[in-house]
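# Examination of the molecular architecture
Listed below, chain by chain, are the residues.
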Amino acid sequence: MRPIRVRIGVLGLALVAGLAAPTAATAAPEAGGGAPAPTVEERRLDGEVPREILRRSGFAAVAPAFARGLGRADSYREARAVVAREGAALWRRAVDRVQGRGPARGDLSRDDDRPLYWARLGMTRELRTWEPGFGLSERQRAALLTELERTSRGQTDLRLPRGHDDRHGKGVKRVLLTGFDPFTLDRDIRISNPSGAVALALDGTVIDTADGPARVETAVFPVRWADFAEGTVERALRPYLPGVDLFTTVSQGRVGRFDVERTNGAWRGGFPDNDNVSRTETVPVADPASQPQWTTTTLPYAAITTADTGRFPVYDNTSVTEIPAGGDEPVVRPDGPTPGSTAREGGGGNYLSNEIAYRATLLRDRLGLHGTLPGGHVHTPVLQFGAGNTDPATGAVTDPGFVRNRLDIVAQTRAIVGVAVSAAGADRD
């Protein structure tokens, strides 16, 4: 996802986030005490489009059932068990629906990522506004919300093979891939995020590559500055990066093209997130004294960009925006940053996709894996509705062109992962 800029087209966006303090847009306790109010993001659930997506996917009953489960909890411990169980069940249900297991429970196409997003928000709103009969502190409610976010996003369901000898046979490679929620919902509440669809479609699957089978495990992340500020990326990825053979963060980028982003920048450009919060600052990370302005991909970008992976062109994007050493004005550098410069945009912009790429590759480097672990960021094309269905106010929530575009993006991302695994294996050999 990239901040909307004239030079990249009307819907291109990038994803960024980092250590930022909570803001007024986040839910706060009501004046008279009791449970917090719903967030900006959760309040969008009351619109007609979210209700239609939930109804046509069979996910409309998820939040009410979750609320009933919470209502039966007599203690914080019981509530935590309900949250963990139901959050994980939502993730598995969304993955199963996309991958064709079980009934579709509605006429919305199975490849759709939006039911997971809106059902999760329904659950978080129920939990945020729940007033149990037992005492529940603000800290306990926050812990329950964190548990729900992590379990319903697949972050606690990463089942990477131990060693290289699981049921798919000795030599299986391990791939970690991340996607994002829909975003820019005030522009078009119908929007889907192809990176989230990719994550649901590929989770737990095996890709046959020239370097042998590759098992893919996935998770999705929110489009909220505060979550990144609280370390959600590092917390989710740190246990797994030392044990994988390749990782890639994925988000929606430019119209009509894939990009392998060569360089990631340590700057947040301030584009509003899904809670309509804005942040403009250096990406806040642990140990800022050792924080670099730039990190780089270790994905085999040359192999990826020259392979025939699908109908969209794939580019090695080397452009960044920097303030040169000794300067005070931003300058676009088509061939990457110059020594001593200060980041203003990575190849993927300065929103949350740039930031997840920056954080993941910085974590790779701080773990001492720069020279051995291929990893970086891939931007998918913008997912567009079909011709004649472009008006957010009157348009349908889906159409054949929209579904075809999403399926093609998912299939091409899968092919890109396969090429990356093969090329990385050849480099090791």
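Above: the structure in question.
Now for a look at the structure at hand. Source: prediction; values computed, not measured.

Our focus in this paragraph is the overall build of the chain. Check the secondary structure of the chain and you find 12 helices and 14 strands. Buried residues in the chain amount to 56% of all 429 residues. For the chain, restricting intrachain contacts to residue pairs at least 6 apart in sequence, the fraction spanning at least 24 positions comes to 77%. Of the roughly 16,800 Å² of accessible surface on the chain, 51% is carried by carbon and sulfur atoms.

Another point: helix α7 (residues 194-202). Burial analysis of α7 places eight of its nine residues in the buried class, which makes it a mostly covered element. Three or more residues of α7 are buried, namely Pro 194, Ser 195, Gly 196, Ala 197, Val 198, Ala 199, Leu 200 and Leu 202.

The next subject is the pattern of salt bridges. Under the criterion given, the structure shown has 36 salt bridges. With a closest N to O distance of 2.5 Å, Asp 157 and Arg 92 form a salt bridge. Here Asp 157, found in the loop between α6 (138-152) and β1 (173-180), pairs with Arg 92, found in helix α4 (residues 76-98); they are 65 residues apart in sequence, far enough to count as distant. Residue Arg 254 is joined to Glu 261 by a salt bridge in which the shortest nitrogen-to-oxygen separation is 3.1 Å. Note on accessibility: Arg 254 and Glu 261 belong to one class, buried. Among the ionic contacts, a cluster of salt bridges with common partners joins Glu 41, Arg 120, Glu 149, Arg 153, Asp 181, Arg 224 and Asp 227.

On to the environment of His 370. Within the secondary structure layout, His 370 lies in the loop between α11 (352-366) and β14 (375-380). For His 370, a relative accessible area of 36% corresponds to the partly exposed category. Counting along the chain gives 72 residues from His 370 to Thr 298, while the straight-line C-alpha distance between them is 7.2 Å. A polar contact is formed between the side chain of His 370 and the side chain of Arg 364, at a distance of 3.2 Å. A distance of 2.9 Å separates polar atoms of two side chains, one belonging to His 370 and the other to Asp 365.

Right, let's talk about the environment of Val 331 for a bit. Within the secondary structure, Val 331 sits in strand β12 (residues 331-333). Expressed as a C-alpha distance, the spacing of Val 331 and Arg 344, which sit 13 residues apart in the sequence, is 8.8 Å. Excluding residues that lie within four positions of it along the chain, Val 331 makes contacts with Val 320, Thr 321, Glu 322 and Pro 324.

Moving on, we get to the packing of aromatic side chains. Across all of its chains, the model carries nine aromatic pairs by this definition. With a centroid separation of 5.1 Å and 80 degrees between ring planes, the pair formed by Phe 271 and Tyr 351 is classed as edge-to-face. Here Phe 271 is found in the loop between β7 (267-269) and β8 (280-282), whereas its partner Tyr 351 is found in the loop between β13 (342-345) and α11, with 80 residues between them in sequence. Judged by its relative accessible area of 22%, Phe 271 falls in the partly exposed class. You can call Tyr 351 buried: its relative accessible area is 1%. Cluster of aromatic residues (ring-pair linked, three or more members): Phe 183, Trp 225, Phe 271 and Tyr 351. The ring of Tyr 301 carries the charged tip of Arg 262 above its face, separated from the ring centre by 3.8 Å. Over the ring of Trp 267 we find Arg 344; its NZ or CZ atom is 3.7 Å from the centre of that ring.

What follows deals with the packing of α4 against α6. One way to put it is that α4 packs onto α6 with a least axis distance of 7 Å and a crossing angle of 20 degrees. Here α4 is positioned roughly parallel relative to α6, judged by the angle of their axes. Crossing of α4 against α6: the hand is right-handed. Every residue of α6 that contacts α4 at Tyr 76, Ala 79, Arg 80, Val 83, Ala 84, Gly 87, Ala 88, Leu 90 and Trp 91 is listed here: Gln 140, Ala 143, Leu 144, Glu 147, Leu 148, Thr 151 and Ser 152. Among the residues forming the contact of α4 with α6, the class breakdown is 10 nonpolar, four polar and two charged.

Spatially, seven strands are ordered β2-β3-β1-β4-β14-β5-β10 in an open sheet, and the strand pairing comes out mixed. Sheet topology places β2 (206-209) and β10 (314-317) at the edges, where each strand pairs with a single neighbour. With direction set aside, neighbouring strand axes in the sheet form an average angle of 30 degrees. Two elements, β1 and strand β4 (residues 246-252), share four bridges in a ladder whose sense is parallel.

Criteria and cut-off values
Residues numbered from 1 in each chain as written. Predicted model: local features only at pLDDT ≥ 70, side-chain atom pairs only at ≥ 80, totals over all residues. Heavy atoms only, no water. Helix = DSSP H or I, 4+ residues; strand = E, 2+ residues; numbered from the N terminus. Buried < 20%, exposed > 50% of the residue type's maximum accessible area, 1.4 Å probe, protein only. Contact = heavy atoms within 4.5 Å. Areas by Shrake-Rupley, 256 points an atom, 1.4 Å probe, with all protein chains shown as cover. Salt bridge = Lys/Arg side-chain N within 4 Å of Asp/Glu carboxyl O. Polar contact = N/O pair within 3.5 Å; in protein donor to acceptor, adjacent residues only side chain to side chain. Phe/Tyr/Trp six-rings, centres within 6.5 Å; stacked < 30°, edge-to-face > 60°. Lys NZ or Arg CZ within 6 Å of the ring centre and 35° of its normal. Axes fitted to C-alpha atoms, helices over the stretch in contact; angles between N-to-C directions. Parallel < 35°, antiparallel > 145°, perpendicular 65-115°, else oblique. Left-handed = near helix turned anticlockwise from the far one by under 90°. Nonpolar A, V, L, I, M, F, W, Y, C, P; charged D, E, K, R; others polar. Pairing = 2+ DSSP bridges.

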